[in-house]
Amino acid sequence: MEDEKLNPDAKEYDASHIKVLKGLEGVRVRPGMYIGTTGARGLHHLVWEIVDNSIDEALAGYANHIEVEILPGDIISVTDNGRGMPVDIHPDTKRPAVEAIFTVLHAGGKFDNSSYKVSGGLHGVGASVVNALSEWLEVTIHRNGKIYTEKFSRGIATTDLIENGVSDHTGSIVKFKADPEIFTETTVYDYETLRARIQQLAFLNKGLKLTITDSRDPLNIIKNIYCYEGGLKEYVQFLNEGKKAVTQNIIYCEGEKQNIQVEIALQYNEEFNSTIYSFTNNIHTHEGGSHEDGFKMALLRCLKKYADENKILKKDEEITGEDVREGLVAIVSVKHPDPQFEGQTKTKLGNTEVRGIVSQVFGEALDRYLLENPKEAKIIIEKGLLASRARIAARKAREATRRKSPLDGLMLNSKLTDCRSKDPTLSEMYIVEGDSAGGSAKSGRDSEYQAILPLRGKVLNVQKVRLERALSNNEILSMIQAIGTGIGEEFDITKARYHKIIIMTDADVDGEHICILLLTFFYRFMPQLIENGYIYVAKPPLYRAQYGKMLKYAYSDEELEIIKRTNPDKKFDIQRYKGLGEMDASQLWETTMDPANRTLVQVHLEDAMIADQTFEMLMGEEVEPRKKFIQENAHYANNLDI
Ligand code: TSJ
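Residues numbered from 1 in each chain as written. Predicted model: local features only at pLDDT ≥ 70, side-chain atom pairs only at ≥ 80, totals over all residues. Heavy atoms only, no water.

Engineer: Explanation requested: the overall build of the chain in the structure shown.
Structural biologist: If you tally the helices and strands in the chain, you get 21 helices and 25 strands. With 642 residues in all, the chain has 52% of them scored as buried. Taking the intrachain contacts of the chain between residues at least 6 apart in sequence as the baseline, contacts between residues at least 24 apart amount to 70%. Accessible surface, the chain: about 29700 Å² in total, of which carbon and sulfur atoms supply 50%. (Helix = DSSP H or I, 4+ residues; strand = E, 2+ residues; numbered from the N terminus. Buried < 20%, exposed > 50% of the residue type's maximum accessible area, 1.4 Å probe, protein only. Contact = heavy atoms within 4.5 Å. Areas by Shrake-Rupley, 256 points an atom, 1.4 Å probe, with all protein chains shown as cover.)

Okay, here's the thing in structure tokens:
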């Protein structure tokens with residue numbers, strides 16, 4: 001309590017100090033309430049809580065470079081070149097403003113008098129929560145020509161704010177080490193997770209330079225630098241990489257009305273699905289909302305109007321919203337000073353005024369584009385017409401066979417080996433790659449509550465086809481049938497036969513690939529399964545280390561190192577698993593299926609969305625991005641055959 005001796009006359013400070021401790025103690029007692037989970041997801045959330053503050057500084061126009069670095073020991077460092085956090089002494093507490101930012105719960109925007117604070121995660125809890133959940137945290141501020149630092153441990157200041165140098169620039173640096181007492185599952189960051197979101201933030205905030213570095217291994221430092229002057233235009237380009245575009249140009253617009261910024265980019269490709277990603281204040285609004293509605297409204301309205309005025313449609317022809325979205329890749333991003341998030345997962349924008357604003361800003365831009373590019377306009381509308389005809393033909397075919405959906409009354413020769421339990425809350429279904437692994441899983445499982453569905457070979461790439469076509473694929477059909485919920489409009493989560501659907505593939509590039517394919521399928525056609533937390537990925541071990549009768553499994557290179565280090569006298573016989581097929585039934589049970597030992601990673605919508613994007617890149621014609629992905633995911637790359 002050295003701090004207090006330094007302020008013997010600050011009675012009010014004592015009182016507020018106690019309140020502060022109570023607040024942050026609460027964060028440590030119930031961390032889940034503030035960061036969702038204390039698993040890997042919550043751990044990564046800490047980074048975004050800090051980065052959000054720097055993004056705010058950039059959006060306010062005071063910073064243009066943010067650097068994130070993972071240091072040895074999984075310490076995170078975030079640096080920006082903004083104004084530097086305020087250091088002046090607060091008149092009530094007699095403490096520096098920056099200290100309150102780190103020790104008072106929800107102090108977030110308190111010192112921010114600009115009304116244009118737009119960033120902030122779904123939990124939006126800020127720096128004090130990160131501080132409370134960090135073994136230690138250190139803030140450094142360059143401001144007023146000086147350098148200031150203050151240190152904390154588990155939310156409590158361990159030093160005063162100290163002036164310790166001169167500086168010729170301004171900015172803020174926060175370094176922290178997540179507390180292993182809180183994050184008991186893992187304190188190891190996944191570079192790919194951080195990199196993908198950093199890249200996305202760069203797309204969403206044009207002109208902002210974001211750097212991500214992994215210097216945990218001094219012999220292999222990885223660094224990515226992102227800065228997109230084209231913003232969302234470059235995001236669409238990135239998403240359409242490797243696909244055949246229908247029109248050369250990317251349609252782009254930006255505008256601001258009533259303090260709400262709108263930015264939209266889109267392009268059509270030759271595929272059938274539509275990809276609309278919408279964002280509010282850099283947060284992916286998976287459930288859509290008023291911005292997405294406004295966009296869809298204007299898209300249909302403008303294309304219809306243009307088709308009418310230019311007499312492109314025949315008498316009995318009509319196009320719907322769905323038709324004009326076939327093959328569409330679009331990003332809709334708004335920045336709103338007071339967003340209202342609604343919906344089951346709080347990812348639906350509710351502000352009603354946004355619909356009209358987006359519709360107006362985008363409508364004007366699209367009208368102008370169509371007018372100036374008549375050739376492209378015709379191509380786009382004809383694509384919509386094609387979709388309309390296909391839709392009508394499909395409906396007629398369905399009516400002719402009088403079946404509601406391809407799933408009705410159809411008994412497949414499914415490969416499902418079901419479990420005995422009929423209680424979905426207890427039942428699990430393993431989707432297993434390959435017949436041989438499927439065989440081991442069948443004999444190794446606990447048949448009371450574990451069902452096995454082996455998949456043969458490659459799963460159909462659902463991004464390339466319409467739903468009807470996906471449903472003619474046997475692997476996909478047997479998966480949907482086994483799950484029991486139906487699909488599309490008939491989807492009913494209460495009919496799910498298992499509350500855990502576990503993807504189990506080899507720990508190599510092909511396995512990763514099949515896993516991504518399956519995630520893409522669930523993301524596109526049964527997102528509710530992901531939303532409800534029913535989808536999991538099983539992590540099989542990478543190594544088996546044996547010494548006499550001693551048998552240990554390692555799920556990562558780090559774990560293998562630990563096994564070797566903690567038993568230095570033993571010469572292990574180490575086997576690297578190339579696939580699930582190399583394990584016999586009892587090994588598979590022990591390592592990957594037994595609830596007491598296995599590692600399951602629950603899939604979240606954001607992960608599935610990234611998988612959906614990554615997928616295109618891996619499948620595309622271009623070799624470079626694929627090579628790069630494999631290099632960055634080197635842990636899978638040891639047994640590559642590319
Ligand atoms: F809060 C935090 F610790 F998470 C954090 C904040 C972490 C990092 C890496 C950066 C920041 C941050 C805060 N960067 N820039 C700012 N800016 C301010 O806090 C600031 C500075 C000056 C003024 C002013 O009115 O003079 C106002 C603000 C909000």
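Engineer: Help me out: how do you make sense of the site of the ligand in this one?
Structural biologist: The ligand sits among 16 residues. The nearest are Asn53, Glu57, Asp80, Gly84 and Phe102. At a separation of 2.9 Å, a nitrogen atom of the ligand approaches a polar side-chain atom of glutamate 57. Interatomic distance of 3.4 Å between a side-chain N/O atom of serine 172 and a nitrogen atom of the ligand. Expressed as a share of its isolated accessible area of 610 Å², the protein-covered part of the ligand is 87%. Looking at the shell around the ligand, the elements with two or more residues in it are helix H4 (40-59), strand S2 (75-80), helix H5 (97-103) and strand S7 (171-178). (Near = heavy atom within 4 Å. Polar contact = N/O pair within 3.5 Å; in protein donor to acceptor, adjacent residues only side chain to side chain.)

Engineer: Is there a simple way to think about the packing of H4 against helix H7 (residues 191-204) in this case?
Structural biologist: A pair of packed helices is characterised by two quantities: the angle between their axes and the separation of those axes. Between H4 and H7, the least distance of the axes is 11 Å, while the angle of their chain directions is 25 degrees. Here H4 is positioned roughly parallel relative to H7, judged by the angle of their axes. Here H4 runs over H7; the crossing is right-handed. Residues His44, Val47, Trp48, Val51 and Ile55 of H4 touch H7, and the partners they reach there are Thr193, Leu194, Arg197, Ile198 and Leu201. Split into classes, the residues belonging to the contact of H4 with H7 amount to seven nonpolar, two polar and one charged. (Axes fitted to C-alpha atoms, helices over the stretch in contact; angles between N-to-C directions. Parallel < 35°, antiparallel > 145°, perpendicular 65-115°, else oblique. Left-handed = near helix turned anticlockwise from the far one by under 90°. Nonpolar A, V, L, I, M, F, W, Y, C, P; charged D, E, K, R; others polar.)

Engineer: Before we go on, may I ask you to explain the packing of aromatic side chains in this structure?
Structural biologist: Working definition: an aromatic ring pair is given by the centre-to-centre distance plus the angle between the planes. Scanning all chains against the criterion turns up ten aromatic pairs. Both rings, one in phenylalanine 102 and one in phenylalanine 152, keep their centres 5.5 Å apart while their planes meet at 35 degrees; by these two values the pair is tilted. Of this pair, phenylalanine 102 sits in helix H5 while phenylalanine 152 sits in strand S4 (residues 146-153), and the two are 50 residues apart along the sequence. Here tyrosine 547 and phenylalanine 572 contribute two aromatic rings whose centre-to-centre distance is 6.3 Å and whose plane-to-plane angle is 70 degrees, an arrangement assigned as edge-to-face. Of this pair, tyrosine 547 sits in strand S22 (residues 543-547) while phenylalanine 572 sits in the loop between helix H18 (557-566) and strand S24 (573-576), placing them 25 residues apart in sequence. Here a set of aromatic residues connected by ring pairs shows up, and it is made of Phe203, Tyr226, Tyr228, Tyr235, Phe238 and Phe279. Against the face of tyrosine 62 rests arginine 83, its NZ or CZ located 3.7 Å from the ring centre. (Phe/Tyr/Trp six-rings, centres within 6.5 Å; stacked < 30°, edge-to-face > 60°. Lys NZ or Arg CZ within 6 Å of the ring centre and 35° of its normal.)

Engineer: What's the story with the sheet that holds strand S10 (residues 251-257) in this structure? I'm lost.
Structural biologist: Sheet strands associate in pairs through backbone hydrogen bonding, adopting either a parallel or an antiparallel arrangement. Taken in spatial order, the five strands line up as S10-S11-S15-S12-S13 in an open sheet, and their pairing is mixed. Either end of the sheet is taken by a strand with one partner, and the two such strands are S10 and strand S13 (283-284). Both strand S12 (residues 275-280) and strand S15 (residues 328-335) contribute to a ladder of six bridges, which runs parallel. Opposite phenylalanine 279, over in S15, you have serine 333 as the bridge partner. (Pairing = 2+ DSSP bridges.)

Engineer: Got a minute to help me understand the pattern of salt bridges in this structure?
Structural biologist: Any two side chains of opposite charge can pair if their charged atoms end up close together. All told, the structure shown has 24 salt bridges when counted by the stated rule. For glutamate 271, the salt bridge goes to lysine 243, with nearest N and O atoms at 3.8 Å. Of the two residues, glutamate 271 is situated in the loop between strand S11 (260-268) and S12 and lysine 243 in the loop between helix H8 (232-239) and S10; the sequence distance between them amounts to 28 residues. One salt bridge connects glutamate 428 with arginine 598, and the closest N-O pair in it is separated by 2.9 Å. Within this pair, whereas glutamate 428 is found in strand S18 (residues 428-433), its partner arginine 598 is found in the loop between helix H19 (585-593) and strand S25 (600-602), the two being separated by 170 residues in sequence. Each of the two residues, glutamate 428 as well as arginine 598, counts as buried. Here the salt bridges share partners, and the residues they tie into one network are Arg28, Arg154, Asp179 and Glu181. (Salt bridge = Lys/Arg side-chain N within 4 Å of Asp/Glu carboxyl O.)

Engineer: Would you explain the environment of phenylalanine 525 in this entry?
Structural biologist: Within the fold, phenylalanine 525 resides in helix H16 (residues 509-525). The class of phenylalanine 525 is buried, set by a relative accessible area of 12%. When the C-alpha atoms of phenylalanine 525 and isoleucine 487 are compared, they prove to be 6.8 Å apart, with 38 residues separating the residues in sequence.

Engineer: What's the story with H8 in this structure? I'm lost.
Structural biologist: All of the buried residues in H8 are Leu232, Tyr235, Val236 and Leu239. Buried residues of H8, viewed axially, fall in a sector of 95 degrees; they line one side. (Arc of directions from axis to C-beta.)

Engineer: Sorry, what's going on with the sheet that holds strand S16 (residues 341-342) here?
Structural biologist: Pairing in this open sheet of three strands is mixed, and the strands run S14-S17-S16 from one edge to the other. Each of the sheet's edge strands pairs with one partner strand only, and the pair in question is strand S14 (288-289) and S16. Bridge count for S14 against strand S17 (residues 348-349) is two bridges, and the pairing is parallel. Within S17, the position partnered with glycine 288 by the bridge is lysine 348.

Engineer: Looking at this model, I keep getting lost on the pairing of strand S20 (residues 500-504). Mind explaining?
Structural biologist: Two faces belong to every sheet, and in a regular strand the side chains alternate between them. In terms of burial, S20 is largely enclosed, as four of its five residues are buried. Of the strand pairs in this sheet, S18 and S20 are connected by five bridges, and their pairing is parallel. Bridging from a neighbouring strand, glutamate 428 pairs with lysine 500 of S20. Where S20 and strand S21 (residues 535-538) come together, three bridges link them in parallel fashion. Pairing of isoleucine 503 across the sheet is with valine 537, part of S21.

Engineer: Just to check I follow, could you spell out the side chain of glutamine 267 for this structure?
Structural biologist: Mapped onto the secondary structure, glutamine 267 falls in strand S11. Its relative accessible area of 6% is what places glutamine 267 among the buried residues. Within polar-contact distance, the side chain of glutamine 267 engages the backbone oxygen of threonine 247 at 3.0 Å. Excluding anything up to four places from it in sequence, glutamine 267 contacts Val236, Asn240, Ala245, Thr247, Gln248, Asn249, Ile250, Gly327, Leu328 and Val329.

Engineer: Please explain the side chain of serine 421 as it appears in this structure.
Structural biologist: In this fold, serine 421 is placed in the loop between helix H12 (374-401) and S18. By relative accessible area, which is 13% here, serine 421 ends up buried. A polar contact of 3.4 Å, which involves the side chain of serine 421, links it to the side chain of serine 427. With sequence-adjacent residues up to four places away left out, serine 421 is seen in contact with Leu426, Ser427, Glu448 and Tyr449.

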